[in-house]
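Structural overview
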Amino acid sequence: NGKDNDFEEEDEKERATRATIHHQNHRQQQQQQLHHHHSSYSSSTHDGVNGAYTSTLTTTATTATPSMLHADQEKNPYCKRWHSFSSISPPVRLLRGHRRKITDVCVDNSGLIVCSVAMDATLKVHGLADGKQRRSYKVNRRNLSLALSSCTISPADANTIVMGSWDNSVYIYSISQGTIVAEGRAHDDAVSSVALTENRVVSGSWDGTVKVWDVKMMRGGGGGGGASTMNTNNKSMAMQQQQQLPVLELDEHDHPVMCVCTDPTARVACSASQDGMVLVWDLRTGKRSQRKIQAHKREVTSLSLSNTGYDVTTVCYDGHIRTFDLTKGECFSDICTKERLTSVETDGDVVWAAGDGGVVKLWEMNEETMATTDSKKNKTQQHTNPKPVLSTEELHGKVSSFSLSRDGLWLVAGVESEEEEDDMVIFKTK
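In this text the structure is predicted, and so the values were computed from the model without any measurement. (Residues numbered from 1 in each chain as written. Predicted model: local features only at pLDDT ≥ 70, side-chain atom pairs only at ≥ 80, totals over all residues. Heavy atoms only, no water.)

1. Here we look at the overall build of the chain
The condition that has to hold: We count a stretch as a helix when DSSP gives it H or I for four or more residues in a row; a strand needs E for two or more, and each element gets its number in order from the N terminus. Remark: exposure states derive from per-residue accessible area (1.4 Å probe, protein chains only) relative to the maximum for the residue type, with buried under 20%, exposed over 50%, and partly exposed in between. Only heavy atoms matter for contacts: two residues are in contact if any of them lie within 4.5 Å across the pair. Values of accessible area rely on a 1.4 Å probe in the Shrake-Rupley scheme; residue burial ignores everything except the protein chains shown.
Looking only at helices and strands, the chain has 4 helices and 32 strands in total. Counting only residues that meet the buried cut, the chain has 58% of its 430 residues in that class. Restricting the contact set of the chain to residue pairs at least 6 apart, pairs at least 24 apart contribute 56%. As displayed, the chain has an accessible area near 18,600 Å², and 45% of this comes from carbon and sulfur atoms.

2. A few points about the pattern of salt bridges
Condition: Throughout this description, the term salt bridge denotes a Lys or Arg side-chain nitrogen within 4 Å of a carboxyl oxygen of Asp or Glu.
The tally for this structure, following the rule as stated, stands at 9 salt bridges. Of the charged contacts in the structure, one is a salt bridge between arginine 134 and aspartate 130, with a shortest N-O distance of 3.2 Å. For arginine 134, a relative accessible area of 42% gives the class partly exposed. Its relative accessible area of 36% is what places aspartate 130 among the partly exposed residues. The partner of arginine 284 in a salt bridge is aspartate 282, with the nearest N and O atoms 3.1 Å apart.

3. Side note on the pairing of strand β4 (residues 102-107)
The criterion, for reference: Only strands that DSSP links by at least two bridges are regarded as paired with each other.
Of all 6 residues making up β4, 6 are buried, and the element is well covered by its neighbours. Examined bridge by bridge, β4 and strand β5 (residues 113-118) share 5 bridges and lie antiparallel to one another. Opposite aspartate 104, over in β5, you have valine 117 as the bridge partner.

4. As for the packing of aromatic side chains
Let me state the cut-off plainly: Paired rings are identified among Phe, Tyr and Trp, the last through its six-membered ring, by centres lying within 6.5 Å, and are further divided according to the angle between planes into stacked (under 30 degrees), edge-to-face (over 60) and tilted (the rest). Over a ring means this: the NZ of a Lys or the CZ of an Arg is within 6 Å of the ring centre and within 35 degrees of the ring normal.
Tallied over the entire structure, the rule returns 4 aromatic pairs. With a centroid separation of 5.3 Å and an interplanar angle of 55 degrees, the aromatic rings of tryptophan 166 and tryptophan 206 are classed as tilted. Linking tryptophan 166 in the loop between β9 (160-165) and β10 (169-174) with tryptophan 206 in the loop between β13 (200-205) and β14 (210-214), this pair joins segments that are 40 residues apart in sequence. A relative accessible area of 32% means that tryptophan 166 is categorised as partly exposed. The exposure class assigned to tryptophan 206 is partly exposed, which follows from its relative accessible area of 34%. One aromatic cluster is present, built from ring pairs that chain together Trp82, Phe85 and Trp352. The ring of tyrosine 310 is capped by arginine 267, whose NZ or CZ atom sits 4.4 Å from the centre of that ring.

5. Digging into the sheet that holds strand β21 (residues 311-316)
The line we're drawing: Only the contacting stretch of a helix is used when fitting its axis, a line to C-alpha atoms as for every element, and angles between N-to-C directions run 0 to 180 degrees.
An order of β20-β21-β22-β23 is seen for the 4 strands of this open sheet, with the pairing classed as antiparallel. In this open sheet, the two strands that pair with only one neighbour each are β20 (300-305) and β23 (330-336). Ignoring strand direction, the axes of neighbouring strands in this sheet form an average angle of 20 degrees. The sheet contact formed by strand β22 (residues 320-325) and β23 spans 6 bridges and is antiparallel.

6. Observations concerning the pairing of strand β32 (residues 424-428)
Most of β32 sits out of view: 5 of its 5 residues are buried. Neither face of β32 is open: one carries Met424, Ile426 and Lys428, the other Val425 and Phe427, and all of them are buried. Pairing between strand β3 (residues 93-95) and β32: 3 bridges, direction antiparallel. Residue pairing in the sheet places leucine 94 in a bridge with valine 425 of β32.

Here it is, written out as C-alpha coordinates:
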(Lines give C-alpha, C1' and ligand atoms only; values in the text may rest on other atoms or scores of the structure.)
Protein backbone atom coordinates (compact mmCIF):
# COMPACT_ATOMS: atom_id res chain seq x y z
CA ASN A 1 0.00 0.00 0.00
CA GLY A 2 1.71 3.16 -1.16
CA LYS A 3 -0.14 5.26 1.37
CA ASP A 4 1.09 3.17 4.28
CA ASN A 5 4.71 3.14 3.13
CA ASP A 6 5.18 6.73 2.02
CA PHE A 7 8.02 7.88 4.25
CA GLU A 8 9.36 11.39 4.36
CA GLU A 9 13.10 11.99 4.32
CA GLU A 10 14.03 12.88 7.88
CA ASP A 11 16.81 12.20 10.34
CA GLU A 12 16.34 8.76 11.93
CA LYS A 13 17.42 9.94 15.37
CA GLU A 14 14.97 12.85 15.33
CA ARG A 15 12.11 10.63 14.19
CA ALA A 16 12.83 8.05 16.89
CA THR A 17 12.97 10.79 19.51
CA ARG A 18 9.61 12.21 18.44
CA ALA A 19 8.05 8.74 18.49
CA THR A 20 9.40 8.02 21.97
CA ILE A 21 8.03 11.31 23.32
CA HIS A 22 4.66 10.57 21.68
CA HIS A 23 4.55 7.13 23.32
CA GLN A 24 5.53 8.49 26.75
CA ASN A 25 2.92 11.23 26.56
CA HIS A 26 0.32 8.69 25.49
CA ARG A 27 1.04 6.36 28.41
CA GLN A 28 1.03 9.28 30.85
CA GLN A 29 -2.35 10.41 29.49
CA GLN A 30 -3.74 6.91 29.99
CA GLN A 31 -2.68 6.78 33.62
CA GLN A 32 -4.23 10.21 34.26
CA GLN A 33 -7.49 9.08 32.69
CA LEU A 34 -7.53 5.94 34.80
CA HIS A 35 -7.67 7.95 38.01
CA HIS A 36 -10.98 9.42 36.82
CA HIS A 37 -12.59 6.05 36.13
CA HIS A 38 -12.37 4.01 39.33
CA SER A 39 -14.45 0.85 39.76
CA SER A 40 -14.37 -2.05 42.23
CA TYR A 41 -14.01 -5.66 41.15
CA SER A 42 -13.99 -8.97 42.97
CA SER A 43 -10.72 -10.88 42.89
CA SER A 44 -10.34 -14.17 41.08
CA THR A 45 -9.84 -17.03 43.56
CA HIS A 46 -8.57 -19.76 41.26
CA ASP A 47 -5.12 -21.26 41.74
CA GLY A 48 -2.61 -21.64 38.95
CA VAL A 49 -1.52 -24.88 37.34
CA ASN A 50 1.68 -26.70 38.26
CA GLY A 51 1.52 -29.16 35.41
CA ALA A 52 4.41 -31.37 34.27
CA TYR A 53 6.68 -29.66 31.81
CA THR A 54 9.86 -31.17 30.51
CA SER A 55 10.45 -29.51 27.12
CA THR A 56 13.66 -27.59 26.55
CA LEU A 57 13.16 -23.85 26.31
CA THR A 58 14.28 -21.90 23.28
CA THR A 59 15.40 -18.56 24.69
CA THR A 60 15.12 -15.23 22.96
CA ALA A 61 15.98 -12.11 24.93
CA THR A 62 13.47 -9.29 25.25
CA THR A 63 13.48 -6.12 27.27
CA ALA A 64 9.71 -6.10 27.74
CA THR A 65 8.62 -5.00 31.21
CA PRO A 66 5.57 -6.25 33.10
CA SER A 67 2.38 -4.26 32.63
CA MET A 68 1.97 -1.44 35.15
CA LEU A 69 -1.52 -2.07 36.48
CA HIS A 70 -3.54 0.44 38.46
CA ALA A 71 -4.82 -0.78 41.84
CA ASP A 72 -8.32 -1.30 40.43
CA GLN A 73 -6.89 -3.27 37.52
CA GLU A 74 -5.02 -5.58 39.92
CA LYS A 75 -8.36 -6.56 41.48
CA ASN A 76 -10.16 -6.86 38.17
CA PRO A 77 -10.22 -10.50 36.93
CA TYR A 78 -10.78 -9.27 33.39
CA CYS A 79 -7.39 -7.48 33.24
CA LYS A 80 -4.39 -9.25 31.76
CA ARG A 81 -1.43 -9.60 34.12
CA TRP A 82 1.19 -10.76 31.65
CA HIS A 83 4.73 -11.20 32.95
CA SER A 84 7.91 -10.03 31.24
CA PHE A 85 8.23 -12.50 28.38
CA SER A 86 11.74 -13.90 27.85
CA SER A 87 11.18 -17.25 26.12
CA ILE A 88 8.62 -19.60 24.66
CA SER A 89 8.79 -23.38 24.67
CA PRO A 90 8.45 -25.88 21.86
CA PRO A 91 4.93 -27.38 21.83
CA VAL A 92 4.05 -28.87 25.21
CA ARG A 93 0.84 -30.53 24.08
CA LEU A 94 -0.62 -31.40 20.69
CA LEU A 95 -4.37 -31.93 20.75
CA ARG A 96 -6.86 -33.13 18.22
CA GLY A 97 -10.60 -33.40 18.65
CA HIS A 98 -12.41 -31.32 16.06
CA ARG A 99 -13.30 -32.69 12.66
CA ARG A 100 -13.33 -29.32 10.95
CA LYS A 101 -11.51 -25.98 11.25
CA ILE A 102 -11.19 -24.44 14.71
CA THR A 103 -12.75 -20.97 14.71
CA ASP A 104 -11.82 -19.81 18.22
CA VAL A 105 -9.92 -20.84 21.35
CA CYS A 106 -9.97 -19.37 24.87
CA VAL A 107 -7.77 -20.09 27.90
CA ASP A 108 -9.33 -19.50 31.31
CA ASN A 109 -7.78 -16.89 33.62
CA SER A 110 -6.18 -19.37 35.99
CA GLY A 111 -4.53 -21.41 33.24
CA LEU A 112 -6.41 -24.59 34.09
CA ILE A 113 -8.41 -25.26 30.93
CA VAL A 114 -8.79 -24.25 27.31
CA CYS A 115 -12.04 -24.33 25.35
CA SER A 116 -12.30 -24.45 21.57
CA VAL A 117 -15.13 -24.23 19.04
CA ALA A 118 -15.12 -25.20 15.40
CA MET A 119 -16.94 -25.42 12.10
CA ASP A 120 -18.17 -28.87 13.15
CA ALA A 121 -20.52 -27.19 15.69
CA THR A 122 -18.69 -28.72 18.65
CA LEU A 123 -17.26 -27.30 21.85
CA LYS A 124 -14.24 -29.03 23.40
CA VAL A 125 -12.79 -28.40 26.86
CA HIS A 126 -9.26 -29.68 27.64
CA GLY A 127 -7.02 -29.51 30.67
CA LEU A 128 -3.85 -27.55 29.94
CA ALA A 129 -1.51 -29.46 32.26
CA ASP A 130 -2.42 -32.97 31.10
CA GLY A 131 -4.12 -32.32 27.75
CA LYS A 132 -7.08 -34.53 28.69
CA GLN A 133 -10.50 -33.77 27.29
CA ARG A 134 -12.88 -32.65 30.04
CA ARG A 135 -15.99 -31.95 27.99
CA SER A 136 -17.31 -32.31 24.46
CA TYR A 137 -20.64 -30.94 23.30
CA LYS A 138 -22.24 -30.67 19.88
CA VAL A 139 -24.82 -27.94 19.37
CA ASN A 140 -27.81 -29.30 17.48
CA ARG A 141 -31.01 -27.34 17.25
CA ARG A 142 -34.00 -28.24 15.11
CA ASN A 143 -31.92 -31.11 13.62
CA LEU A 144 -29.44 -28.53 12.38
CA SER A 145 -25.80 -28.14 13.40
CA LEU A 146 -24.17 -24.96 12.15
CA ALA A 147 -20.66 -23.72 12.85
CA LEU A 148 -19.73 -22.20 16.19
CA SER A 149 -17.88 -18.96 15.47
CA SER A 150 -16.50 -17.82 18.82
CA CYS A 151 -16.18 -18.62 22.53
CA THR A 152 -15.11 -17.00 25.78
CA ILE A 153 -14.78 -18.25 29.37
CA SER A 154 -16.11 -16.23 32.29
CA PRO A 155 -13.25 -15.03 34.51
CA ALA A 156 -15.69 -14.79 37.40
CA ASP A 157 -16.27 -18.53 37.86
CA ALA A 158 -14.25 -20.42 35.18
CA ASN A 159 -17.36 -22.56 34.74
CA THR A 160 -19.36 -20.58 32.20
CA ILE A 161 -18.59 -20.56 28.47
CA VAL A 162 -20.38 -18.21 26.09
CA MET A 163 -20.53 -19.21 22.42
CA GLY A 164 -21.70 -17.58 19.20
CA SER A 165 -23.15 -19.64 16.35
CA TRP A 166 -23.90 -19.40 12.67
CA ASP A 167 -27.48 -20.35 13.56
CA ASN A 168 -27.90 -16.70 14.76
CA SER A 169 -27.84 -17.72 18.44
CA VAL A 170 -25.77 -17.11 21.57
CA TYR A 171 -25.32 -20.08 23.91
CA ILE A 172 -24.26 -20.27 27.56
CA TYR A 173 -22.65 -23.57 28.52
CA SER A 174 -21.98 -24.83 32.05
CA ILE A 175 -18.82 -26.93 32.38
CA SER A 176 -19.92 -28.45 35.69
CA GLN A 177 -23.30 -29.52 34.28
CA GLY A 178 -21.93 -30.46 30.87
CA THR A 179 -24.77 -28.83 28.96
CA ILE A 180 -26.17 -25.57 27.63
CA VAL A 181 -28.03 -23.76 30.41
CA ALA A 182 -29.29 -20.81 28.38
CA GLU A 183 -29.58 -19.71 24.78
CA GLY A 184 -31.06 -16.93 22.75
CA ARG A 185 -31.89 -16.21 19.14
CA ALA A 186 -29.69 -13.12 19.18
CA HIS A 187 -29.51 -11.84 15.58
CA ASP A 188 -31.05 -12.03 12.11
CA ASP A 189 -27.86 -13.51 10.68
CA ALA A 190 -24.85 -15.50 11.90
CA VAL A 191 -23.19 -14.46 15.15
CA SER A 192 -19.58 -13.72 14.24
CA SER A 193 -18.12 -12.85 17.64
CA VAL A 194 -18.90 -12.72 21.36
CA ALA A 195 -17.25 -10.97 24.31
CA LEU A 196 -18.00 -11.18 28.01
CA THR A 197 -17.77 -8.42 30.58
CA GLU A 198 -19.00 -8.86 34.14
CA ASN A 199 -22.63 -9.98 33.79
CA ARG A 200 -23.10 -8.95 30.18
CA VAL A 201 -22.48 -10.62 26.83
CA VAL A 202 -21.67 -8.53 23.76
CA SER A 203 -22.42 -10.16 20.41
CA GLY A 204 -21.61 -9.05 16.87
CA SER A 205 -23.28 -10.38 13.75
CA TRP A 206 -23.22 -10.47 9.99
CA ASP A 207 -26.54 -8.60 10.17
CA GLY A 208 -24.45 -5.49 10.97
CA THR A 209 -25.60 -5.10 14.58
CA VAL A 210 -23.96 -5.31 17.97
CA LYS A 211 -26.13 -6.36 20.91
CA VAL A 212 -25.60 -6.48 24.66
CA TRP A 213 -27.32 -9.18 26.74
CA ASP A 214 -27.80 -9.62 30.47
CA VAL A 215 -26.43 -13.03 31.47
CA LYS A 216 -28.80 -13.47 34.40
CA MET A 217 -31.79 -12.72 32.20
CA MET A 218 -30.59 -15.23 29.63
CA ARG A 219 -30.26 -17.80 32.39
CA GLY A 220 -33.82 -17.15 33.50
CA GLY A 221 -32.79 -15.27 36.63
CA GLY A 222 -30.19 -17.83 37.69
CA GLY A 223 -26.60 -16.94 38.40
CA GLY A 224 -23.23 -18.56 38.89
CA GLY A 225 -23.23 -22.25 38.05
CA GLY A 226 -26.88 -22.85 38.90
CA ALA A 227 -29.35 -24.47 36.57
CA SER A 228 -31.27 -22.41 34.08
CA THR A 229 -35.01 -22.04 34.54
CA MET A 230 -35.45 -22.48 30.80
CA ASN A 231 -37.57 -25.43 29.73
CA THR A 232 -35.60 -27.77 27.49
CA ASN A 233 -38.70 -28.59 25.49
CA ASN A 234 -38.07 -27.24 21.98
CA LYS A 235 -41.41 -25.42 21.75
CA SER A 236 -41.05 -23.76 25.17
CA MET A 237 -37.44 -22.90 24.41
CA ALA A 238 -38.43 -21.24 21.14
CA MET A 239 -41.09 -19.15 22.93
CA GLN A 240 -38.58 -17.96 25.54
CA GLN A 241 -36.07 -17.11 22.81
CA GLN A 242 -38.63 -14.87 21.15
CA GLN A 243 -39.29 -13.06 24.45
CA GLN A 244 -35.64 -12.31 25.18
CA LEU A 245 -34.61 -8.75 24.43
CA PRO A 246 -31.10 -7.26 24.46
CA VAL A 247 -30.16 -4.64 27.03
CA LEU A 248 -28.67 -2.58 24.20
CA GLU A 249 -28.92 -2.80 20.41
CA LEU A 250 -26.29 -0.93 18.40
CA ASP A 251 -26.86 -0.67 14.65
CA GLU A 252 -24.56 1.96 13.16
CA HIS A 253 -22.36 -0.36 11.10
CA ASP A 254 -22.96 -0.31 7.33
CA HIS A 255 -21.41 -3.74 6.80
CA PRO A 256 -21.31 -7.12 8.59
CA VAL A 257 -19.67 -7.02 12.03
CA MET A 258 -16.71 -9.40 12.13
CA CYS A 259 -15.40 -9.05 15.69
CA VAL A 260 -16.14 -7.41 19.05
CA CYS A 261 -14.20 -6.84 22.26
CA THR A 262 -14.73 -5.12 25.61
CA ASP A 263 -12.41 -3.35 28.02
CA PRO A 264 -11.80 -4.82 31.50
CA THR A 265 -13.77 -2.07 33.23
CA ALA A 266 -17.01 -2.74 31.33
CA ARG A 267 -16.89 0.88 30.20
CA VAL A 268 -16.52 0.53 26.44
CA ALA A 269 -16.86 -2.03 23.68
CA CYS A 270 -15.32 -1.95 20.22
CA SER A 271 -16.73 -3.57 17.10
CA ALA A 272 -15.13 -3.94 13.68
CA SER A 273 -16.81 -4.57 10.36
CA GLN A 274 -16.07 -5.98 6.95
CA ASP A 275 -15.23 -2.55 5.54
CA GLY A 276 -12.38 -2.00 8.04
CA MET A 277 -14.37 0.39 10.24
CA VAL A 278 -14.05 0.30 14.05
CA LEU A 279 -16.78 1.80 16.22
CA VAL A 280 -16.42 2.55 19.92
CA TRP A 281 -19.47 2.14 22.15
CA ASP A 282 -20.16 3.45 25.64
CA LEU A 283 -21.64 0.47 27.46
CA ARG A 284 -22.98 2.72 30.21
CA THR A 285 -25.18 4.76 27.90
CA GLY A 286 -25.50 2.53 24.85
CA LYS A 287 -24.36 5.32 22.57
CA ARG A 288 -21.55 5.36 20.04
CA SER A 289 -18.69 7.63 20.95
CA GLN A 290 -17.48 10.30 18.57
CA ARG A 291 -14.72 7.94 17.48
CA LYS A 292 -15.38 6.22 14.19
CA ILE A 293 -12.04 4.81 13.06
CA GLN A 294 -11.19 3.64 9.57
CA ALA A 295 -8.63 1.13 10.84
CA HIS A 296 -8.05 -0.72 7.56
CA LYS A 297 -9.33 -0.75 4.00
CA ARG A 298 -10.28 -4.39 4.28
CA GLU A 299 -12.04 -6.64 6.79
CA VAL A 300 -10.79 -6.40 10.38
CA THR A 301 -10.25 -10.00 11.45
CA SER A 302 -9.55 -9.43 15.15
CA LEU A 303 -9.24 -6.64 17.70
CA SER A 304 -8.20 -6.30 21.33
CA LEU A 305 -8.49 -3.53 23.92
CA SER A 306 -5.64 -2.72 26.30
CA ASN A 307 -5.96 -3.05 30.08
CA THR A 308 -6.69 0.65 30.34
CA GLY A 309 -9.46 0.58 27.74
CA TYR A 310 -8.01 3.63 25.98
CA ASP A 311 -6.20 1.78 23.17
CA VAL A 312 -7.52 -0.73 20.66
CA THR A 313 -5.30 -2.94 18.47
CA THR A 314 -6.59 -4.33 15.18
CA VAL A 315 -5.34 -6.81 12.58
CA CYS A 316 -6.37 -7.44 9.01
CA TYR A 317 -5.58 -9.53 5.97
CA ASP A 318 -3.49 -6.56 4.80
CA GLY A 319 -0.78 -7.66 7.27
CA HIS A 320 -0.89 -4.53 9.47
CA ILE A 321 -1.14 -4.48 13.27
CA ARG A 322 -2.47 -1.05 14.15
CA THR A 323 -3.08 0.47 17.57
CA PHE A 324 -5.34 3.48 18.02
CA ASP A 325 -5.71 5.98 20.83
CA LEU A 326 -9.46 6.04 21.45
CA THR A 327 -9.37 9.48 23.06
CA LYS A 328 -8.11 11.03 19.81
CA GLY A 329 -8.87 8.38 17.22
CA GLU A 330 -5.24 8.44 16.07
CA CYS A 331 -3.08 5.50 15.05
CA PHE A 332 0.09 5.62 17.14
CA SER A 333 1.52 2.19 16.27
CA ASP A 334 1.63 0.47 12.89
CA ILE A 335 3.48 -2.83 12.41
CA CYS A 336 3.58 -4.40 8.94
CA THR A 337 4.06 -8.18 8.97
CA LYS A 338 3.48 -8.90 5.27
CA GLU A 339 1.18 -11.84 6.06
CA ARG A 340 -2.58 -12.28 6.35
CA LEU A 341 -3.38 -11.83 10.04
CA THR A 342 -6.29 -13.52 11.81
CA SER A 343 -5.84 -12.99 15.56
CA VAL A 344 -4.42 -10.44 18.02
CA GLU A 345 -4.12 -9.91 21.80
CA THR A 346 -2.61 -6.99 23.70
CA ASP A 347 -2.29 -5.64 27.23
CA GLY A 348 -1.18 -2.22 26.03
CA ASP A 349 2.55 -2.84 26.50
CA VAL A 350 3.09 -5.78 24.16
CA VAL A 351 1.09 -7.26 21.30
CA TRP A 352 0.78 -10.87 20.11
CA ALA A 353 -0.46 -11.63 16.59
CA ALA A 354 -0.71 -14.57 14.21
CA GLY A 355 -2.14 -15.58 10.86
CA ASP A 356 -1.42 -17.47 7.67
CA GLY A 357 2.32 -17.69 8.44
CA GLY A 358 1.64 -20.33 11.09
CA VAL A 359 3.66 -18.53 13.79
CA VAL A 360 2.45 -16.61 16.86
CA LYS A 361 4.71 -13.57 17.34
CA LEU A 362 5.29 -10.96 20.04
CA TRP A 363 6.18 -7.29 19.58
CA GLU A 364 6.95 -4.66 22.20
CA MET A 365 5.07 -1.38 22.04
CA ASN A 366 8.06 0.97 21.91
CA GLU A 367 9.60 3.63 19.68
CA GLU A 368 10.29 1.07 16.94
CA THR A 369 6.58 0.44 16.47
CA MET A 370 5.39 4.01 16.95
CA ALA A 371 3.71 5.72 14.00
CA THR A 372 3.79 9.47 13.45
CA THR A 373 1.05 11.46 11.77
CA ASP A 374 1.58 14.15 9.16
CA SER A 375 -1.31 16.52 9.90
CA LYS A 376 -0.79 18.43 6.64
CA LYS A 377 -1.10 15.30 4.52
CA ASN A 378 -3.55 13.66 6.95
CA LYS A 379 -1.86 10.29 6.85
CA THR A 380 0.12 7.97 9.06
CA GLN A 381 3.80 7.46 8.35
CA GLN A 382 4.98 3.99 9.23
CA HIS A 383 8.43 3.27 10.61
CA THR A 384 10.68 0.47 9.39
CA ASN A 385 9.11 -2.91 10.11
CA PRO A 386 10.33 -4.07 13.54
CA LYS A 387 11.23 -7.70 14.07
CA PRO A 388 9.24 -9.63 16.67
CA VAL A 389 11.09 -10.15 19.93
CA LEU A 390 9.60 -13.60 20.44
CA SER A 391 7.85 -16.22 18.32
CA THR A 392 6.64 -19.81 18.44
CA GLU A 393 7.91 -22.58 16.24
CA GLU A 394 6.35 -22.64 12.79
CA LEU A 395 3.20 -24.73 12.95
CA HIS A 396 1.86 -27.12 10.34
CA GLY A 397 -0.84 -24.73 9.10
CA LYS A 398 -2.43 -21.32 9.40
CA VAL A 399 -3.24 -20.01 12.89
CA SER A 400 -7.00 -19.41 12.97
CA SER A 401 -7.03 -18.20 16.59
CA PHE A 402 -4.91 -18.13 19.73
CA SER A 403 -5.32 -17.27 23.40
CA LEU A 404 -3.14 -16.57 26.44
CA SER A 405 -3.87 -17.10 30.13
CA ARG A 406 -4.20 -14.04 32.33
CA ASP A 407 -0.60 -14.40 33.60
CA GLY A 408 0.68 -15.12 30.09
CA LEU A 409 2.26 -18.44 31.07
CA TRP A 410 0.08 -20.50 28.73
CA LEU A 411 -0.40 -19.90 25.01
CA VAL A 412 -2.75 -22.03 22.90
CA ALA A 413 -3.06 -21.80 19.12
CA GLY A 414 -5.76 -23.24 16.90
CA VAL A 415 -4.31 -24.44 13.61
CA GLU A 416 -6.00 -24.76 10.22
CA SER A 417 -4.38 -27.52 8.17
CA GLU A 418 -5.23 -29.36 4.97
CA GLU A 419 -3.82 -32.56 6.46
CA GLU A 420 -5.06 -34.73 9.33
CA GLU A 421 -2.84 -33.11 11.94
CA ASP A 422 -3.15 -31.86 15.51
CA ASP A 423 -5.49 -28.88 15.47
CA MET A 424 -4.57 -27.30 18.83
CA VAL A 425 -1.03 -26.60 20.01
CA ILE A 426 -0.13 -25.65 23.60
CA PHE A 427 2.98 -23.64 24.54
CA LYS A 428 4.41 -22.34 27.80
CA THR A 429 6.21 -19.03 28.15
CA LYS A 430 8.72 -17.60 30.60
